[in-house]
Amino acid sequence: MTVSAWADPPVVSAEGGVAIRGYDTVAYFRQGQAVRGRPDIAVQWKGAVWRFASEDNRETFESNPRAYAPRFGGYCAYAVSRGHLAAGDPRAWRIVGGHLYLIHDPALKRAWERDIPGNLALAEANWPAVLGQ
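Residues numbered from 1 in each chain as written. Predicted model: local features only at pLDDT ≥ 70, side-chain atom pairs only at ≥ 80, totals over all residues. Heavy atoms only, no water.

Chemist: Please explain the overall build of the protein chain as it appears in this structure.
Modeler: For the protein chain, the count of helices and strands is six helices and six strands. Its helices and strands in sequence order give the protein chain the pattern β-β-α-β-β-α-α-α-β-β-α-α, from N to C terminus. Here the C-alpha radius of gyration of the protein chain, 15 Å, is about what a compact globule of 133 residues would show, namely 14 Å. Reported as C-alpha extents along the three principal axes, the dimensions of the protein chain are approximately 45 × 45 × 25 Å. (Helix = DSSP H or I, 4+ residues; strand = E, 2+ residues; numbered from the N terminus. Rg over C-alpha atoms; globule rule 2.2 N^0.38 Å.)

Right, here's the structure in full:
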């Protein structure tokens, strides 16, 4: 008899174990753009590898990772607002209220931006329970 178990999705969306597809999460705040991190400048946090474009960005992250990590573990904020998970695209992002949010793709980002406060309220209500669905 074969028994299969369903594992809960990880708290951080990390394809191949790398958070936000290898983009530097601090760069969104400092450079105002999506910047690829380097594999040789990385840190492990919350079960994922986080890459950075510079040693300074890595040190900044290490001093306060929750301030720089995307909300909802890097999962798509729009999907979380609708009660399910989808990977966030590091090129479809926005900083709101000092928090980084990733969206699945540019088309959904436009839909999410039509009602950011409402969508964030829905997402906050669904998080982290949506991880277990």
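The rest of the description comes next.
Chemist: Would you mind going over the pairing of strand β3 (residues 38-45) with me for this structure?
Modeler: Working note: regular strand, side chains alternate between the two faces of the sheet. The pairing of β3 with strand β4 (residues 48-52) spans five bridges and is classified as antiparallel. Within the sheet, the bridge partner assigned to Ala42 lies in β4 and is Arg51. Hairpin connection of β3 to β4: two residues between the antiparallel strands, including Lys46 at a positive phi of 55°. (Pairing = 2+ DSSP bridges.)

Chemist: I'm lost on the pairing of strand β5 (residues 89-96) in this one. Help?
Modeler: Pairing of β5 with strand β6 (residues 99-103) involves five bridges; the strand directions are antiparallel. Across the sheet, the residue bridging to Asp89 is Ile103, located in β6. What sits between β5 and β6 in their antiparallel hairpin is a turn of two residues, with Gly97 showing a positive phi close to 60°.

Chemist: Is there a simple way to explain the side chain of Asp89 in this structure?
Modeler: You can see Asp89 is positioned in strand β5. Not counting residues up to four positions away in its chain, the partners in contact with Asp89 are Arg21, Leu102, Ile103, His104 and Asp105. (Contact = heavy atoms within 4.5 Å.)

Chemist: Explain the pattern of salt bridges to me, please; I cannot follow it from the model alone.
Modeler: Where side chains of opposite charge bring their charged atoms close, a pairing between them can arise. Scanning all chains against the criterion turns up nine salt bridges. Close ionic contact of Asp56 with Arg30 constitutes a salt bridge, the shortest N to O distance being 2.7 Å. With Asp56 in helix α2 (residues 55-63) and Arg30 in helix α1 (residues 25-30), this residue pair connects regions lying 26 residues apart in the sequence. Accessibility expressed as a relative area gives 43% for Asp56, which makes it partly exposed. (Salt bridge = Lys/Arg side-chain N within 4 Å of Asp/Glu carboxyl O. Buried < 20%, exposed > 50% of the residue type's maximum accessible area, 1.4 Å probe, protein only.)

Chemist: Looking at this structure, I do not really get unusual backbone geometry. What am I missing?
Modeler: Note: most peptide bonds trans; most residues except glycine with negative phi. Geometrically, the link from Trp127 to Pro128 is a cis peptide bond, its omega value of 5° lying close to zero. A positive phi angle, close to 40°, is found at Ile20, a residue other than glycine. Looking at the secondary structure, you find Ile20 in the loop between β2 (18-19) and α1. Although it is not a glycine, Arg21 sits at a positive phi angle of roughly 55°. On the secondary structure map, Arg21 appears in the loop between β2 and α1. On the basis of relative accessibility, which here comes to 31%, the residue Arg21 falls in the partly exposed class.

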